[in-house]
Amino acid sequence: MASKGETVVLLDFWVSPFGQRLRIALAEKGVEYEYKEQDLTNKSDLLLKSNPIYKKIPVLIHEAKPISESLIILQYIDEVWPDKTPLLPSQPYARANAHFWADFIDKKLFESGTRLWKLKGEEQEKAKKEFIEALKLLEGELGDKEFFGGETFGYVDVALVPFFAWFHAYETCGKFSIEEECPKIVAWGKRCMERETVSKTLSDPEKVYQFVLYLKKRFGVE
Amino acid sequence: MASDDVKLIGAWASPYVMRPRIALNLKGVEYEFLEEKFGSKSELLLKSNPVYKKIPVLLHGGKPICESLIIVQYIDEAWSGHSILPSDPYHRAVARFWGHYIDDKWFPALTGISRAPTDEAKKEAIEQVFAGLKFLEEVLEKSGAGKPFFGGDTIGYIDIALGCNLGWLRATEKLSGLTYLDESKTPLLVCWAEKFSAHEAVKCVMPETDKLVEFAQMLKAKFSAPPSK
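Going by the annotation in an unreviewed UniProt entry, the name recorded for chain B is Glutathione S-transferase, with Dioscorea zingiberensis given as the source organism. The UniProt entry for chain B carries this comment under Subcellular location (unreviewed entry): "Cytoplasm, Cytosol". Within the UniProt record for chain B, the comment given under Function (unreviewed entry) is "Is involved in the conjugation of reduced glutathione to a wide number of exogenous and endogenous hydrophobic electrophiles."

An unreviewed UniProt entry lists chain A under the name Probable glutathione S-transferase GSTU1, with Dioscorea zingiberensis as the source organism. Regarding chain A, the relevant UniProt record gives this comment under Sequence similarities (unreviewed entry): "Belongs to the GST superfamily."

Right under this line is the structure:
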């Protein structure tokens, strides 16, 4: 059910997988919102005022109240708009498990993925190894289920799927094939892409790779 | 319903372990505390938390839950009684945000002080700790509205997330000679720290500052001692 006259604003950056989590969730729940693209090289007053501690996107501003940190925002969205596509399961143990894996994605997968494209030589090899290990653990958690949420697209699926668009960049930088290492994850990613909310949100993998190349230049990696 | 068998794998000195202990105490849940021996990890721990191999781990009816703040949220949901998280989604998000900030920025800055490789890095870490306390003082002022705790009249999520670090904060003050919880800078937090530490659900699990100082000195000696032949 679309929000009835409530103001929902999303401060975001086009290629951010963290922002994309929220775009997918809001779309799944049919919530209308205003998307405000941020210039991260020249941060807006609104962003700095809305997230003074971290000064980062994404920030959700609901009825003028800002919320930061993508997984915290994701939980918030699920709690405020619970009726359509509930993302978290209802049982406490299953919920704790979902939180654990979403947190794992940020702590281990994203962190090693970033080092993978940022670093060179031995450090890069180490990052690649850790990235693959992390992805394999996620693959183990997925098992033979259609989604991490079981038969339904859920919290961990939303948390992970934006990174599917980054696989091409990771593979090219690290010179390896994710499909070879984690075929079930790639198959899961393709299944998620059949959902319009996902396919319309995720960045084009080639554009992500070009963005990574731009970042590498900016950080003086190559 | 799964058995009421509740176990917590932990260690006395860990602030992260304190969090679920406080939460369980607030809910009046009896549990068995399985203390890990320092320097080694039990089979049960490795089996229950194969991903991180870290404490705390809550075992409820044999099923493991890991990561301290995830465990606290689980305890809040699995048992009725004292509410740890607020009921309003926005205030829940604010509470979770500060829990995340404490673990992501503030506590690493605190432990980073003694580990800082340069004076510059040490100065930066100390500044971060003070800056964080200033933010949290503002949060307490805003949410507390004259109440003793972040959770209002009773202990809540932010109280637990922050309060578990008081032991190490006091130990760091003793070891460094610097006062972090300063009445002239953060008077509300000073008052809060006393009330929190004296709370029934907390005082039995808060480690003694002197024991933590001893432990820190032992760790320092162990890791800076030359390797034995």
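Having put the structure on the table, let's press on.
Colleague: Outline the overall build of chain B, listing residues and values.
Modeller: When its secondary structure is counted, chain B shows 10 helices and 4 strands. Listing the helices and strands of chain B from first to last along the sequence gives β-α-β-α-β-β-α-α-α-α-α-α-α-α. With the principal axes as the frame, chain B shows a C-alpha extent of 55 × 55 × 25 Å. Among the 229 residues that make up chain B, the fraction classed as buried is 48%. A sequence separation of at least 24 residues applies to 66% of the contacts in chain B between residues at least 6 apart. Approximately 11600 Å² of chain B is accessible, and the part contributed by carbon and sulfur atoms is 54%. Put simply, chain B has 28 plus and 30 minus side-chain charges, and the middle of one group is 5 Å from the middle of the other.

Colleague: Would you mind going over the UniProt feature "domain: GST N-terminal" (unreviewed entry) in chain B in detail, with residue names and values included?
Modeller: Here, UniProt's "domain: GST N-terminal" (unreviewed entry) annotation points to residues 4-83 of chain B. Structurally, residues 4-83 of chain B comprises 38% helix and 21% strand, and the distance from its first C-alpha atom to its last is 20 Å.

Colleague: Account for unusual backbone geometry, with residues named and values stated.
Modeller: Glycine aside, residues mostly have negative phi angles, and peptide bonds mostly take the trans form. Following Ile 57 of chain A, the chain continues to Pro 58 of chain A via a peptide bond in cis, the omega torsion being 0 degrees. Inspection of the secondary structure puts Pro 58 of chain A in the loop between α2 (45-50) and β3 (59-62). In the segment running from Ile 55 of chain B into Pro 56 of chain B, the intervening peptide bond is cis, with an omega of 0 degrees. Relative to the elements of secondary structure, Pro 56 of chain B occurs in the loop between α2 (43-48) and β3 (57-60).

Colleague: So what's going on with the sheet that holds strand β2 (residues 34-37) of chain A? Residues and values would help.
Modeller: Residue and element names in this part refer to chain A. Reading across the sheet, the 4 strands line up as β2-β1-β3-β4 and stay open at both edges, with mixed pairing between neighbours. Edge positions in the sheet fall to β2 and β4 (65-68), since each has one partner strand and no second. Across this sheet, the average inter-strand angle for adjacent strands is 20 degrees, counted without regard to direction. Relative to β2, strand β1 (residues 8-12) runs parallel, the two sharing 4 bridges.

Colleague: Describe the interface of chain A and chain B, and please don't skip the residues or the numbers.
Modeller: Every contact between the two is made by 24 residues of chain A and, on the other side, 24 residues of chain B. Between chain A and chain B lies a buried interface of about 2300 Å² when both sides are counted; carbon and sulfur atoms form 70% of it. Connecting chain A to chain B are 4 salt bridges. In this assembly, chain A and chain B are joined by 10 residue pairs in polar contact (both at pLDDT 80 or more). Elements with a minimum of two residues in the side of chain A that touches chain B: β4, α3 (70-80) and α4 (92-118) of chain A. When residues in the side of chain A that touches chain B are grouped by element, the largest group, 11 residues, is from α4 of chain A. The residue inventory of the side of chain A that touches chain B, partitioned by class, reads 14 nonpolar, 3 polar and 7 charged.

Colleague: If you had to explain the UniProt feature "domain: GST C-terminal" (unreviewed entry) in chain A to someone new, which residues and values would you point to?
Modeller: Under the UniProt annotation, the feature "domain: GST C-terminal" (unreviewed entry) is placed at residues 91-211 of chain A. The annotated region residues 91-211 of chain A carries 74% helix and 0% strand content, and the separation between its end C-alpha atoms amounts to 40 Å.

Colleague: Now, about the domain arrangement of chain A: what can you tell me, with residues and values included?
Modeller: All names here are of chain A. Each domain of chain A was delimited in the assignment, giving domain 1 (8-80) and domain 2 (92-218). Taking only C-alpha atoms into account, the centre of domain 1 sits 21 Å from that of domain 2. The interface of domain 1 with domain 2 comprises 15 residues on the first partner and 24 residues on the second. Taking both partners together, domain 1 and domain 2 bury about 1800 Å²; carbon and sulfur atoms supply 69% of that area. On the surface where domain 1 and domain 2 come into contact, there are 2 salt bridges. Among the salt bridges present, the one from Arg 21 reaches Asp 106, with a minimum N-O distance of 2.7 Å. Linking domain 1 with domain 2 are 6 residue pairs in polar contact (both at pLDDT 80 or more). For the side of domain 1 that touches domain 2, the elements supplying multiple residues, two or more each, are α1 (17-28) and α3. Of the residues contributing to the side of domain 1 that touches domain 2, the split by class is 9 nonpolar, 3 polar and 3 charged.

Colleague: Quick one: what's the story with the pairing of β3 of chain B, residue by residue and with numbers?
Modeller: Moving residue by residue along a regular strand, the side chains alternate between the two faces of the sheet. Residues and elements named next belong to chain B. On β3, burial covers both faces: Val 57 and Leu 59 on one face and Leu 58 and His 60 on the other are all buried. Pairing of strand β1 (residues 6-10) with β3 involves 4 bridges; the strand directions are antiparallel. Bridging across to β3, Val 6 finds its partner in His 60. Pairing of β3 with strand β4 (residues 63-66) involves 4 bridges; the strand directions are antiparallel. Looking across to β4, one finds that Leu 58 is bridged to Ile 65. Hairpin remark: β3 followed by β4, antiparallel, with 2 residues in the connecting loop; positive phi at Gly 61, about 60 degrees.

Here is what the cut-offs are and how they apply
- Residues numbered from 1 in each chain as written.
- Chains lettered and ligands numbered in written order.
- Predicted model: local features only at pLDDT ≥ 70, side-chain atom pairs only at ≥ 80, totals over all residues.
- Heavy atoms only, no water.
- UniProt positions renumbered as here; feature names shortened; annotations may be inferred.
- Helix = DSSP H or I, 4+ residues; strand = E, 2+ residues; numbered from the N terminus.
- Buried < 20%, exposed > 50% of the residue type's maximum accessible area, 1.4 Å probe, protein only.
- Contact = heavy atoms within 4.5 Å.
- Areas by Shrake-Rupley, 256 points an atom, 1.4 Å probe, with all protein chains shown as cover.
- Lys, Arg positive; Asp, Glu negative; His and termini not counted.
- Charge placed at Lys NZ, Arg CZ, Asp CG, Glu CD.
- Pairing = 2+ DSSP bridges.
- Axes fitted to C-alpha atoms, helices over the stretch in contact; angles between N-to-C directions.
- Buried area = accessible area lost by both parts, 1.4 Å probe.
- Salt bridge = Lys/Arg side-chain N within 4 Å of Asp/Glu carboxyl O.
- Polar contact = N/O pair within 3.5 Å; in protein donor to acceptor, adjacent residues only side chain to side chain.
- Nonpolar A, V, L, I, M, F, W, Y, C, P; charged D, E, K, R; others polar.
- Domains from an automatic or database assignment.

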